[in-house]
Amino acid sequence: MSDASLNVLAVVGSLQRDSVTRVVVRHVAQQLQVAGCTVDVLDFEKESLALYNPDTAHDLPGYEQLQGRVHRADVIVLGTPDYHGGISGAMKNFLDHFWHEFAGKLFATIVASHEKGLTVTDQLRTVARQCYAWTLPYGVSFTEDIDVKDGQIASDALKQRLEMLVRDLRVYGDLLARQRLADLAGTGPGYLARHRK
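Quick caveat, the model's predicted, so the values are computed rather than measured. (Residues numbered from 1 in each chain as written. Predicted model: local features only at pLDDT ≥ 70, side-chain atom pairs only at ≥ 80, totals over all residues. Heavy atoms only, no water.)

Caption draft 1: Structural view of the packing of aromatic side chains. Taken as a whole and judged by the stated rule, the model has eight aromatic pairs. Relative to Phe102, the ring of Phe94 lies with its centre 6.0 Å away and its plane at 55 degrees, an arrangement referred to as tilted. Phe102 carries the same exposure label as Phe94, and that label is buried. Measuring from ring centre to ring centre gives 6.3 Å for Trp134 and Tyr191, while their planes differ by 70 degrees; the resulting arrangement is edge-to-face. (Phe/Tyr/Trp six-rings, centres within 6.5 Å; stacked < 30°, edge-to-face > 60°. Buried < 20%, exposed > 50% of the residue type's maximum accessible area, 1.4 Å probe, protein only.)

Caption draft 2: Just the nonpolar core, in detail. If you look at the biggest cluster of nonpolar residues, it comprises 30 residues, and the most contacted ones within it are Leu165 and Leu169. When contributions to this core are tallied by element, the ones reaching two or more residues are strand 1 (7–12), helix 1 (20–34), strand 3 (75–81), strand 4 (106–112), strand 6 (140–142) and helix 5 (156–185). (Core = buried A, V, L, I, M, F, W, Y, C linked by side-chain atoms within 4.5 Å. Helix = DSSP H or I, 4+ residues; strand = E, 2+ residues; numbered from the N terminus.)

Caption draft 3: Highlighting helix 4 (residues 118–130). Helix length check: helix 4, at 13 residues, gives a terminal C-alpha distance of 18 Å against a target of 18 Å (1.5 Å per residue), a fit within 8%. For helix 4, every residue scored as buried is listed here: Val120, Thr121, Leu124, Val127 and Ala128. Taken around the axis of helix 4, the buried residues stretch over an arc of 120 degrees, which confines them to a single face. What points out from helix 4, more than 90 degrees from its buried face, is the exposed set Leu118, Arg129 and Gln130. Packing partners of the buried residues in helix 4 comprise strand 3, helix 3 (89–97), strand 4 and strand 5 (134–135). In the stretch just after helix 4, Tyr132 is the one whose phi turns positive, near 60 degrees. (Expected span 1.5 Å × (residues − 1). Arc of directions from axis to C-beta. Contact = heavy atoms within 4.5 Å.)

Pasting the structure below:
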């Protein structure tokens with residue numbers, strides 16, 4: 001991966017028009033692009049995704065294109081508001097659509113919350129674990145009107161945390177992406193062996 005661009009899918013799991021989650025995810029996406037990553041932003045306020053139905057979802061228009069976007073990603077950034085201690089419906093719906101495509105990839109969590117977003121971060125980590133994905137050992141949470149105001153990152157603490165996130169996504173995303181490709185191309189044992197073609 002060192003000689004190729006790291007592919008990042010940044011998912012905005014909020015449908016709110018003036019979403020602070022969107023502000024932070026787009027900031028991270030922009031910083032990753034500046035750092036040389038290829039970034040694809042998936043924003044459900046602009047791109048609708050039908051409610052997951054296992055009988056029909058894979059045959060709906062647009063599913064194959066979205067599956068390709070998820071498949072190409074080395075890193076998946078998941079941004080969601082904290083709704084009553086849980087992830088947003090839009091985020092859950094996205095996660096329901098995929099599992100095989102997540103295996104061996106790095107997830108990062110960004111949560112807009114007035115309660116630190118710990119249960120939401122745990123829920124996203126649980127999904128990652130169930131899908132055989134990796135997660136960073138920390139998540140980033142922030143509060144509206146303190147950390148984000150008027151569509152801008154307002155606090156230095158959040159800026160520093162996001163700078164760390166961008167750095168760690170590049171470093172560990174690259175390491176895991178290279179190992180994932182080697183494991184998929186190899187013949188040895190390992191949990192990615194079942195994903196070989």
